[in-house]
Amino acid sequence: MTDENAKQSPNQPLSTEPYKGVRDFYPEDMFVQNHIFGAMRSAVESFGFLEYGASILEPTELYKAKSGEEIVNDQTYSFKDRGDRDVTLRPEMTPTITRMIAARRRELSTPIRWYSIPNLFRYEKPQRGRLREHFQLNVDLFGVENINAEIEVVSVAAAIMKKFGAKDDQYIIRVNSRKILNYLLNEVLKLDTEKAYKAMKLIDRKDKMPKDEFKTQADDLIGSKSHIFISLLNATSIDDFKKRSMDEASSDIMGVEELANLLDTLKKLGINNAIFDPTLARGFDYYTGIVFEVYDTDARNPRALFGGGRFDDLLSVFGTDKLPAVGFGMGDVGINNFLETHNLLPEYAPKTKLAICTIGQGIDIAAFEFASKLRTHGVSVAIDATDRKAGQKIQAAVKQSIPYVTFIGEKELASKTFTIKELETGGETICSGEQDIIDFIKK
Ligand code: HAM
């Protein structure tokens, strides 16, 4: 196997591999990418979200403010520019959209519904579902303080999955609340700020470690009350969680009713695959309320497809007034695996509909003119004016999945009679003049 990062000796040819953990997109890959982005766009735009964009470069300090230690210290691509400024390739979009909204805080009227599909860079160990560059749909709603924001944003997530043709039992929406976790850590377990932070990170890693190790780490961190912590995190439903909190800690836990209300309303809206998961913490520090993640129910894709939640305080790092916010990110890598696993990807079909192959010498200009007329009527036409044999021209069109081919020479141009061959069936249709071709291909 070639190591794409190994130093090349001067006489060796350059590697054709892309940089570790990033992808090249050949036309077939772009077709899939465009299908994915198209479904995302149409679902989110149907809820009134508007597209925005920004540069991949951001000042490093933007992420120091609130993204969390792991992402800033271990996962960013950061460098100094020639003016000695610290620069980072964006690892996520949330700080950027918040910066943009803070910059126009007074002019923008709320609710603000914005979306974007940026490429993001994280220095992670490349593995199934996780790469060093991915594209991530970001959907964020600013200015709605109550649970209606969460209802809407989770509904958008479900609408996207529906647009992809996913059935309810193929994915699950796990929901929790930072309010519940904070109340448990600060009020019930009475952990100081540092320990509470560490406990939150431990919850975030729970599913990635063996049970015994989780218990050992919980005991070390929390001491004699760690059984309460473990018991509550093992709750299987909201009612079970409430019961355990009364039994173990004689306490109601703040945030539980809000979550119950969310799940209830989602059910009424026909979203039946949302469940309470007390172990869902989310890695970023900026979440303040409900958090959620979407998972494939097929074990081949164990990583989250979407992740998001409420982040009401992030604007304050820019010195502007607070603005409530709820949103999520959905990566292209995970959804691609999901669609492949559940056979939901369309068959490759390029936009090119017709290959015009020239016969003989000296008719190139006529072929270009002919093609140009078809293009003005919205037919995508590729010309093959090489002097290869007819069979080779047909083979090339087949390989490129172009559905129709026609050969034109002086005879065809003079008689305005063209034979259009359908490559999949081998069937032939005679067309008289351009309009006839256009009507036939567009039918
Ligand atoms: P996140 O959980 O880090 O959240 O990422 C959201 C989604 O992006 C993940 O569920 C996953 O599908 C995808 N993703 C993340 N990292 C990678 C990677 N290295 N390779 C492939 N896919 C990846 C955020 O980024 C938040 N800023 C989302 C958000 C928006 N919260 C509020 N608004």
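Our structure is the block above this text.
Residues numbered from 1 in each chain as written. Predicted model: local features only at pLDDT ≥ 70, side-chain atom pairs only at ≥ 80, totals over all residues. Heavy atoms only, no water.

I tried to follow helix H11 (residues 256–268) on my own but got confused; where do I start?
Between its first and last C-alpha, H11 extends 19 Å over 13 residues, near the 18 Å set by a 1.5 Å rise per residue. Those residues of H11 that sit buried are Val256, Leu259, Leu262, Leu263 and Leu266. Buried residues of H11, seen end-on, are gathered within an arc of 125° and therefore sit on one face of the element. Residues Glu257 and Lys268 are exposed on H11 and point more than 90 degrees away from its buried face. Residues of H11 that are buried in the fold lie against helix H5 (148–163), strand S8 (171–177), helix H6 (178–188), helix H10 (238–249), strand S9 (274–276) and strand S10 (290–296). Gly270 sits one or two residues past H11 and shows a positive phi near 85°. (Helix = DSSP H or I, 4+ residues; strand = E, 2+ residues; numbered from the N terminus. Expected span 1.5 Å × (residues − 1). Buried < 20%, exposed > 50% of the residue type's maximum accessible area, 1.4 Å probe, protein only. Arc of directions from axis to C-beta. Contact = heavy atoms within 4.5 Å.)

Please explain the packing of aromatic side chains as it appears in this structure.
A full pass over the atoms with the stated rule returns 17 aromatic pairs. On the numbers, 5.8 Å between centres and 90° between planes, the contact of Phe142 with Phe311 is edge-to-face. One end of the pair, Phe142, is in strand S7 (residues 133–142); the other, Phe311, is in the loop between strand S11 (306–310) and strand S12 (325–331), with 169 residues separating them in the sequence. An aromatic cluster of three or more residues is present, and its members are Phe142, Phe284, Tyr286, Tyr287 and Phe311. Just above the ring of Tyr123 sits the side chain of Arg132; from NZ or CZ to the centre is 3.9 Å. When the ring centre of Phe214 is taken as reference, the NZ or CZ atom of Lys206 above it lies at 5.4 Å. (Phe/Tyr/Trp six-rings, centres within 6.5 Å; stacked < 30°, edge-to-face > 60°. Lys NZ or Arg CZ within 6 Å of the ring centre and 35° of its normal.)

Help me understand empty space enclosed by the protein, please; the structure alone is not making it clear to me.
In this approach a probe as big as a water molecule rolls over the atoms, and the regions it shows empty are the leftover space. All told, the structure shown has two cavities of 30 Å³ or more when counted by the stated rule. Quantified by volume, the largest cavity comes out at close to 70 Å³. Around the largest cavity, the lining residues are Arg128, Gly129, Arg130, Asn301, Pro302, Arg303, Ala304, Leu305, Gly334 and Asn337. Here the residues of the lining of the largest cavity are counted per class, giving three nonpolar, four polar and three charged. (1 Å grid on protein atoms, 1.4 Å probe; cavity = no way out; pocket = protein on both sides within 12 Å on 5 of 7 lines; lining within 4 Å. Points joined across faces, edges and corners; volume = space filled by probe spheres on them. Nonpolar A, V, L, I, M, F, W, Y, C, P; charged D, E, K, R; others polar.)

I keep staring at the environment of Phe407 and nothing clicks. Help me out?
Relative to the assigned elements, Phe407 resides in strand S15 (residues 404–408). Placed 72 residues apart in sequence, Phe407 and Ile335 show a C-alpha to C-alpha distance of 41 Å. Each residue touching Phe407, except ones within four places of it in the same chain, is listed here: Cys357, Ile359, Ala390, Lys393, Ile394, Glu412 and Thr419.

Is there a simple way to think about the nonpolar core in this case?
Side chains that are nonpolar tend, in soluble globular proteins, to be buried together. Formed by 76 residues in total, the largest nonpolar core has its most connected members in Met40, Leu137, Ile160, Phe229, Phe328 and Met330. Here the element with the most residues in this core is H5; it accounts for nine residues. Not counting the four nearest positions on each side in its chain, Met330 is found in contact with Met40, Phe135, Gln136, Leu137, Ile160, Met161, Phe164, Leu305, Phe306 and Ile335. (Core = buried A, V, L, I, M, F, W, Y, C linked by side-chain atoms within 4.5 Å.)

How do you make sense of the site of the ligand when you look at a structure like this?
If you check the shell around the ligand, you find 26 residues, and the closest are Glu92, Thr94, Glu124, Asp140 and Tyr287. Between an oxygen atom of the ligand and a side-chain N or O atom of Arg282, the distance comes to 2.7 Å. Between a nitrogen atom of the ligand and a side-chain N or O atom of Tyr286, the distance comes to 2.9 Å. Protein chains shield 96% of the accessible area of the ligand, which is 660 Å² for the free molecule. For the shell around the ligand, the elements supplying multiple residues, two or more each, are S7, S11 and S12. Counted by class, the shell around the ligand contains 10 nonpolar, 10 polar and six charged residues. (Near = heavy atom within 4 Å. Polar contact = N/O pair within 3.5 Å; in protein donor to acceptor, adjacent residues only side chain to side chain. Areas by Shrake-Rupley, 256 points an atom, 1.4 Å probe, with all protein chains shown as cover.)

I keep staring at the packing of helix H7 (residues 193–205) against helix H8 (residues 211–222) and nothing clicks. Help me out?
The axes of two packed helices give the description: the angle between them and the distance between them. Interaxial distance between H7 and H8 falls to 11 Å at its minimum, and their mutual angle equals 170°. Considering their axes alone, H7 and H8 lie roughly antiparallel with respect to each other. Across from Lys195, Lys198, Ala199, Leu202 and Arg205 in H7, the residues of H8 making contact are Phe214, Gln217, Ala218 and Leu221. Of the residues in the contact of H7 with H8, the class split is five nonpolar, one polar and three charged. (Axes fitted to C-alpha atoms, helices over the stretch in contact; angles between N-to-C directions. Parallel < 35°, antiparallel > 145°, perpendicular 65-115°, else oblique.)

What's the story with the packing of helix H13 (residues 364–376) against helix H16 (residues 433–442) in this structure? I'm lost.
Two numbers describe how H13 lies on H16: the axes approach to 10 Å, and their chain directions differ by 50°. Viewed along their axes, H13 and H16 adopt a mutual orientation that is oblique. Here the hand of the crossing between H13 and H16 comes out right-handed. Each of Phe370, Lys373 and Leu374 in H13 lies in contact with H16, whose residues at this interface are Glu434, Ile437 and Ile438. The class makeup of the residues in the contact of H13 with H16 is four nonpolar, no polar and two charged. (Left-handed = near helix turned anticlockwise from the far one by under 90°.)

When you look at a negative patch on the surface in this model, what are you seeing that I'm missing?
On the surface, Glu17, Asp24, Glu28 and Asp29 cluster together to form a negatively charged patch. Checked against the element boundaries, Glu28 lands in helix H1 (residues 27–45). Owing to a relative accessible area of 40%, Glu28 belongs among the partly exposed residues under this scheme. (Patch = residues over 30% accessible without salt bridge, like charges linked within 9 Å, V, L, I, M, F, W, Y side chains within 5 Å. Salt bridge = Lys/Arg side-chain N within 4 Å of Asp/Glu carboxyl O. Lys, Arg positive; Asp, Glu negative; His and termini not counted. Charge placed at Lys NZ, Arg CZ, Asp CG, Glu CD.)

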